[in-house]
Amino acid sequence: MRLITFDDIIESYTKARQRGPGFLASKLKLDALARTKSAFNPSAKQHSDWWLIPLIRDRWNYLISGDPQINYKQLLVNDLLEDAKGLRLLSLGSASGGHEMELAAQPGFHEITCIDIAQNRVDEAQQEAEKRGLKNISFTCVDFNEYEFPEESFDLVLFNSSLHHFNRVEELLSGPVKRTLKPGGLLIINEYVGPTRLQFPRQQRLAINQALKLVPDKYKTRFKTTLVKRRFYGSGLLRMILADPSECIDSASILPALHAHYNIHIEKPYGGNILMSVLKDISHHFTGSDSESDAVLKDLIQFEDMYLEKHPSDFIFGLYEKPADS
């Protein structure tokens, strides 16, 4: 792992411009949990990451469900859980709860319990649920290490872009998560499962820089700055720990742990190896409807597809069943 990279300097400056100097000051706190929470404060809405791009979301949907207009929640409700009733779901790391509220609005869900460590996200989610009139969903702010997992209580456990923030993944999935699922219950992930601490191998970094050359300079200006993104160096370990001690802390262990302790019900890779890093901080150039920028995106998607022919995906949607004898 590399301790410091040139991107660490650029990223620190960019984050200060996007989220204010107070955000950088929050990273100097000695308390690791406080630094983690600061990553999800209200200024987090000031970003330009790849999930903002409609064509990228359509790509995810297509790779997961086979239809650009059907997301993984719709796939769950319409196909995989079509006849289910009275479902109880636990979401760990629910943030603002948008995905969970989408499920709560469906008739098959009796109770959805959402847990997160960021009080502002929990408050925001609760207000939105009340506005929508959802009575079958609750939100609690609690440190996951202090949450008491009720035994064999949930039909489903969901990690939506949250499992990669957990340390000791194998211990978590084989222990409390497995115990809280009913026999035959399903663990659902929509997750980054790539290299721990985003320490991409040299071959991947080279491919990302090749792809970046496909983007015209006018689309390379970083969000809220005048800096032009000409090269990708990757993240240094020191900045990863300072910025958010939980970020991708044990992500490389996710798939091995799932495969060791659960039965694979469905597993759909949807890439991200190239697109996430190329589009970070420049995604705002691609959120509109513009034929030229769409053409650039399609070239990038084709490049990633070729890369994925020989490399495992960094992002996975999957359903994993708790074995009946465990």
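Residues numbered from 1 in each chain as written. Predicted model: local features only at pLDDT ≥ 70, side-chain atom pairs only at ≥ 80, totals over all residues. Heavy atoms only, no water.

## Quick look at the pairing of strand S3 (residues 137-141)
So, point 1. Of the strand pairs in this sheet, strand S2 (residues 109-116) and S3 are connected by five bridges, and their pairing is parallel. Looking at the pairing, Ile112 lines up with Ile137 of S3. (Pairing = 2+ DSSP bridges. Helix = DSSP H or I, 4+ residues; strand = E, 2+ residues; numbered from the N terminus.)

## Focus: the packing of aromatic side chains
Think of a pair of aromatic rings as described by two things: how far the centres are apart, and how the planes are tilted against each other in angle.
So, point 1. Per the stated rule, a full pass over the model turns up twelve aromatic pairs.
So, point 2. Ring geometry for Phe159 and Phe166: centres 5.6 Å apart, planes at 85°, overall edge-to-face. The pair Phe159 / Phe166 is uniform in exposure class, with both members buried.
So, point 3. Where Phe200 meets Phe232, the ring centres are 6.4 Å apart and the plane angle is 40°; that geometry is what we call tilted. Highlighted residues: Phe200 in the loop between strand S5 (181-192) and helix H10 (202-212) and Phe232 in the loop between H10 and helix H11 (237-243), separated in sequence by 32 residues. (Phe/Tyr/Trp six-rings, centres within 6.5 Å; stacked < 30°, edge-to-face > 60°. Buried < 20%, exposed > 50% of the residue type's maximum accessible area, 1.4 Å probe, protein only.)

## What to know about the pattern of salt bridges
So, point 1. Tallied over the full model, the rule gives 16 salt bridges.
So, point 2. Across the pair Asp49 and Lys280 runs a salt bridge, and its minimum N-O distance is 3.7 Å. With Asp49 in the loop between helix H3 (32-38) and helix H4 (54-65) and Lys280 in the loop between helix H13 (275-279) and helix H14 (291-308), the pair connects residues that are 231 residues apart, well separated along the chain.
So, point 3. Residue Glu102 pairs with Lys73 through a salt bridge whose shortest N-O separation is 3.5 Å. Placement of the pair is Glu102 in helix H6 (residues 98-104) and Lys73 in helix H5 (residues 72-80), with a sequence separation of 29 residues.
So, point 4. What makes Glu102 partly exposed here is its relative accessible area of 27%. (Salt bridge = Lys/Arg side-chain N within 4 Å of Asp/Glu carboxyl O.)

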